[in-house]
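Analysis of the macromolecular model
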Amino acid sequence: MAKMTPFYDLYAGRSQIVEFAGFDMPMAFEGIIPEALAARRGCAAFDVSHMGRVVVSGGDAVLLLNRIMTVDVAALEPMQAKYSLMLNEQGGVIDDLIIYYLEPGRYMIVWNASNRSKNLDWLSRHAEGLSVEALDVSDSTFMLAVQGPLSAEVLGAISEGDLHSLRRYRAARCRIAGADCLVSRTGYTGEDGFELISHDLDRAAALWHGVNEGGAAPAGLGARDVLRIEAGLCLYGKELDESRTPIEAGLCFAVSMSKPSFIGRGALAAMVRQGAGERLVITVDGRPVAQLGPLEAPAGSHTIGDLAALGRILPARRGDRPPPDMSLPLWAGTRIDQLVRGVRGR
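Described below are features of the structure shown in this document.

Basis of the calculations
- Per chain, residue numbering runs from 1 following the sequence as it is written.
- Thresholds applied to this predicted model are a pLDDT of at least 70 for local features of residues and 80 or more for the giving and counting of side-chain atom pairs; totals over whole chains, interfaces and linings are not thresholded and use all residues.
- Excluding hydrogens and water, the side-chain figures rest on all heavy atoms present in the structure.
- Starting at the N terminus, helices and strands are each numbered in turn, a helix being any DSSP run of H or I of at least four residues and a strand any DSSP run of E of at least two.
- Exposed residues in this analysis have more than 50% of their type's maximum accessible area, buried residues have under 20%, and partly exposed residues fall in between, with area computed by a 1.4 Å probe over protein chains only.
- Note on contacts: a residue pair is in contact if any heavy atoms of the two residues lie within 4.5 Å.
- Under the convention used here, a 1.4 Å probe and the Shrake-Rupley method define accessible areas, while residue burial counts only the protein chains that appear.
- Every axis corresponds to a line fitted to the C-alpha atoms, with the helix fit spanning only the stretch in contact, and the corresponding angles, defined between N-to-C directions, vary from 0 to 180 degrees.
- Oblique is the label for every angle not falling under 35 degrees (roughly parallel), over 145 degrees (roughly antiparallel), or within 65 to 115 degrees (roughly perpendicular).
- Should the near helix be turned anticlockwise from the far one by less than a right angle, the crossing is left-handed, and should it be turned clockwise, the crossing is right-handed.
- At least two bridges found by DSSP between two strands is the condition for calling them paired.
- The working definition used for a salt bridge is a side-chain nitrogen of Lys or Arg within 4 Å of a carboxyl oxygen of Asp or Glu.
- Here a patch means residues that are over 30% exposed by relative accessible area and free of salt bridges, tied together within 9 Å if like-charged and within 5 Å if nonpolar (Val, Leu, Ile, Met, Phe, Trp, Tyr).
- The rule is short: rings of Phe, Tyr and Trp, with Trp giving its six-membered ring, pair when the centres are within 6.5 Å, and they are stacked under 30 degrees, edge-to-face over 60, tilted in between.

Topic: the overall build of the chain
From N to C terminus, the chain includes 9 helices and 19 strands. Expressed as a percentage of the 346 residues in the chain, the buried residues total 53%. Excluding contacts between residues fewer than 6 apart, the proportion of contacts in the chain whose partners are at least 24 apart in sequence is 63%. When the accessible surface of the chain is summed, it comes to about 15400 Å², and 52% of that surface belongs to carbon and sulfur atoms.

Encoded structure:
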């Protein structure tokens, strides 16, 4: 049976509910496009309480996290958030996540809902013998994403703190609609916005109503997916999985190769020397991003692979088509034609 978030009863009767990652979640309220436009032009509120949230603390917290994370955790500043990855020994992505440095010896990780159990097992395995505690607070907290160019105004009207001055990927503790929240200027839409995490489950309804009455349109998973594709953000299970490395996924910015060691570093170093087997591209020209179909470039002269969501170019042979030519110079601005049901488009 699917689980429900603390916000579920507030929208169950006026949204399209689907099961996602073991939770009953809203796919849409008024419609995917109107909700996506609300986030682009004004403000939208997303229930993201299904995401996993773990607090890691102890004297060896930095040692553990630097071992399993691709970013340099020791370099984080207090109340800084940073996008990172966890890799397996082959360099494949176990998950992508946000890590928060709360205070000395205390961190919070927010990772994908579908990987909650797997990730906690991975973290616990590498914590053996270390002075560290990992506490899963996913079910004892709620999480709300308020996104869009007017998000600071919407939250400011019900907040006791100054959110306008909060910098990107920085966090603060703030009371909002009566709930004590950890607020970060982060999001998954490509817009300005905030993500709120709180233990005050009894204040979830007040917060939800507060942002809605302040002008934030309730939005579902459909709009969230449209927004992240437009922003070029990867989704685990689509562009990311344990067989794909950060180099192939275009996520080198989230990897600190200057660290002497972390799980998967050796595999990435070898790939840097030998070259990646596939590349991630985005092909959007005023039209929706297609999900599947062969790519040809430039000007249809070579078949280079398949498009999947953000345009992943796959090196594997597909059916009777020849293997892709991965030596093509696919720089930014390279024209790529796509065949959709036999019709070439750009």
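The structure having been displayed, the exposition proceeds.
Observations regarding the packing of helix α3 (residues 61-68) against helix α4 (residues 116-126)
Where α3 contacts α4, the axes come no closer than 10 Å and their chain directions differ by 120 degrees. Regarding the angle of α3 to α4, the classification is oblique. Our pair here, α3 against α4, has a crossing hand that is right-handed. Contact with α3, carried on its side by Leu64, Arg67 and Ile68, involves Trp122, Leu123 and His126 of α4 and no other residues of that element.

Notes on the sheet that holds strand β10 (residues 171-176)
Overall, mixed pairing links the 6 strands, which are arranged β10-β11-β12-β9-β3-β13 in an open sheet. Strands with a single pairing partner mark the edges of an open sheet, and in this sheet they are β10 and β13 (217-219). Averaged over all adjacent pairs, the angle separating strand axes in this sheet is 30 degrees, with direction ignored. Two strands pair when backbone bridges link them, and β10 and strand β11 (residues 179-184) are joined in this way by 6 bridges, in the antiparallel orientation. Note that in β11 the partner of Arg175 across the bridge is Asp180.

Quick word on the pattern of salt bridges
Scanning the entire structure with this criterion turns up 12 salt bridges. Where Asp139 meets Arg116, a salt bridge forms, and the shortest distance between an N and an O atom there is 3.1 Å. Residue Asp139 is located in the loop between β8 (133-136) and β9 (142-147), and its partner Arg116 is located in helix α4; the two are separated by 23 residues in the primary sequence. Among the salt bridges present, the one from Arg244 reaches Asp241, with a minimum N-O distance of 3.4 Å.

What to know about helix α7 (residues 221-230)
Counting buried residues along α7, 7 of its 10 residues qualify, which places the element largely inside the surrounding structure. The inward-facing, buried residues of α7 contact β1 (16-20), β2 (23-28), α2 (32-41), β3 (44-47) and β13. Backbone geometry just after α7 places Gly232 at a positive phi near 75 degrees.

Looking at unusual backbone geometry
The phi angle at Met79 is positive, at roughly 65 degrees, despite the residue not being glycine. Within the secondary structure, Met79 sits in the loop between α3 and β5 (81-87). Given the relative accessible area of 18%, Met79 is considered buried.

Focus: the sheet that holds strand β4 (residues 52-57)
Paired through backbone hydrogen bonds, the strands of a sheet run either parallel or antiparallel to each other. Taken together, 5 strands build an open sheet; the order of strands is β5-β6-β7-β4-β8 and the sheet is antiparallel. Every other strand in the sheet has two partners, leaving β5 and β8 as the edge strands with one partner each. Ignoring strand direction, the axes of neighbouring strands in this sheet form an average angle of 30 degrees. Inspection of the sheet shows β4 paired to β8 by 4 bridges, in the antiparallel sense. Pairing of Ser57 across the sheet is with Glu133, part of β8.

A word on helix α9 (residues 265-274)
All buried positions along α9 are accounted for by Leu268, Ala269, Ala270 and Met271. Where α9 is buried, its residues touch β5 and α8 (246-249). At the C-terminal side of α9, Gly275 shows a positive phi close to 100 degrees.

Observations concerning a nonpolar patch on the surface
Taken together, the side chains of Ile32, Ile33 and Leu37 make up a nonpolar region of the molecular surface, amounting to roughly 230 Å² of accessible area. Counting through the fold element by element, Ile33 comes out in helix α2. The class for Ile33 is exposed, based on a relative accessible area of 53%.

As for the packing of aromatic side chains
Applying the stated criterion across every chain, the model contains 8 aromatic pairs. Ring geometry for Phe7 and Phe142: centres 5.2 Å apart, planes at 70 degrees, overall edge-to-face. Taken together, the positions of Phe7 in the segment before α1 (8-11) and Phe142 in strand β9 put the pair 135 residues apart, joining distant regions of the chain. Here Phe7 matches Phe142 in class, with each residue buried. Relative to Trp208, the ring of Phe29 has its centre 6.4 Å away and its plane inclined at 35 degrees; by these criteria the two rings are tilted. Here Phe29 is found in the loop between β2 and α2, whereas its partner Trp208 is found in helix α6 (residues 204-213), with 179 residues between them in sequence. This pair shows no difference in class: Phe29 is buried, exactly as Trp208 is. Each member of the aromatic cluster is reached from another via a ring pair, and the members are Phe7, Tyr8, Tyr11, Phe29, Phe142 and Trp208.

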